[in-house]
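Listed here are the chains, written in short residue letters.
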Amino acid sequence: MGSYDALFEDENDIFGGTPESKYWDIQKQVSLDIVRHEFDTMIAKMAAMEIMLMEHHDEEALDKIIDRYVFSNENMIENRKKSLYMEYAGRLIYKLSD
């Protein structure tokens, strides 16, 4: 997982929008099959992470832990979201060239 922090210094000039808006712009240009496959990949990854965490916490407690973590680390979470939007937008672009 890469960090794309350097790209966000002046994101409006570089991307003509935010990483989130660019992802959705690209997503509109990709076939529905590719979008569904990539979304399923994201869900599988999230499911694996939840299962790994539930080895240490029950599901209800896990939701509370995650909510507290997000609240306490908003800036870090926002930066990671930007990186993930860029990563997944890159995957969609890569799939276009296949």
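See the structure above.
Below is a summary of the structure that appears in this document.

Rules used throughout
- Residues numbered from 1 in each chain as written.
- Predicted model: local features only at pLDDT ≥ 70, side-chain atom pairs only at ≥ 80, totals over all residues.
- Heavy atoms only, no water.
- Helix = DSSP H or I, 4+ residues; strand = E, 2+ residues; numbered from the N terminus.
- Contact = heavy atoms within 4.5 Å.
- Areas by Shrake-Rupley, 256 points an atom, 1.4 Å probe, with all protein chains shown as cover.
- Phe/Tyr/Trp six-rings, centres within 6.5 Å; stacked < 30°, edge-to-face > 60°.
- Buried < 20%, exposed > 50% of the residue type's maximum accessible area, 1.4 Å probe, protein only.
- Salt bridge = Lys/Arg side-chain N within 4 Å of Asp/Glu carboxyl O.
- Axes fitted to C-alpha atoms, helices over the stretch in contact; angles between N-to-C directions.
- Parallel < 35°, antiparallel > 145°, perpendicular 65-115°, else oblique.
- Left-handed = near helix turned anticlockwise from the far one by under 90°.
- Nonpolar A, V, L, I, M, F, W, Y, C, P; charged D, E, K, R; others polar.
- Expected span 1.5 Å × (residues − 1).

## Digging into the overall build of the chain
Reasoning step 1: Counting its regular elements, the chain contains 5 helices and 0 strands.
Reasoning step 2: Moving toward the C terminus, one meets the helices and strands of the chain in the order α-α-α-α-α.
Reasoning step 3: For the chain, restricting intrachain contacts to residue pairs at least 6 apart in sequence, the fraction spanning at least 24 positions comes to 68%.
Reasoning step 4: Carbon and sulfur atoms form 57% of the exposed surface of the chain, whose accessible area is close to 7,400 Å².

## Notes on the packing of aromatic side chains
Aromatic ring pairs: the centre-centre distance and the angle between the two ring planes describe each pair.
Reasoning step 1: The full count for this structure, using the stated rule, is 2 aromatic pairs.
Reasoning step 2: Between Y23 and W24, the aromatic rings sit 4.9 Å apart at their centres with planes inclined by 85 degrees, giving edge-to-face as the arrangement.
Reasoning step 3: When its relative accessible area of 7% is taken as the criterion, Y23 is described as buried.
Reasoning step 4: One aromatic cluster is present, formed by Y23, W24 and Y85 through successive ring pairs.

## A look at the pattern of salt bridges
Side-chain pairs of opposite charge can arise whenever the charged atoms involved come near each other.
Reasoning step 1: Tallied over the entire structure, the rule returns 5 salt bridges.
Reasoning step 2: Two residues, R91 and E87, come together in a salt bridge whose shortest N-O distance is 2.9 Å. Residue R91 and its partner E87 are located together in helix α5 (residues 74–96), separated by 4 residues, close to a single helical turn.
Reasoning step 3: The class of R91 is partly exposed, set by a relative accessible area of 28%.

## So, the environment of V35
Reasoning step 1: Tracing the sequence through the fold places V35 in helix α3 (residues 32–54).
Reasoning step 2: Assessed through its relative accessible area of 13%, V35 is described here as buried.
Reasoning step 3: C-alpha of V35 to C-alpha of K95: the two residues are 60 residues apart in sequence and 9.5 Å apart in space.
Reasoning step 4: Excluding anything up to four places from it in sequence, V35 contacts Q27 and V30.

## Remarks on the packing of helix α2 (residues 19–29) against α5
Reasoning step 1: Relative to each other, α2 and α5 sit at 20 degrees, their axes nearing to 9 Å. The pairing of α2 with α5 is recorded here as roughly parallel in orientation. In terms of crossing hand, the pair formed by α2 and α5 is left-handed. Contacts from P19, E20, Y23, W24, I26, Q27 and Q29 of α2 reach α5 at K82, Y85, M86, Y88, A89, L92, I93 and L96.
Reasoning step 2: Here the residues of the contact of α2 with α5 are counted per class, giving 11 nonpolar, 2 polar and 2 charged.

## Quick look at α3
Reasoning step 1: Between its terminal C-alpha atoms α3 stretches 32 Å, which fits the 33 Å expected from 23 residues at 1.5 Å a residue.
Reasoning step 2: Where α3 is concerned, the buried positions are I34, V35, E38 and M42.
Reasoning step 3: Those residues of α3 hidden inside the fold are in contact with α2 and α5.

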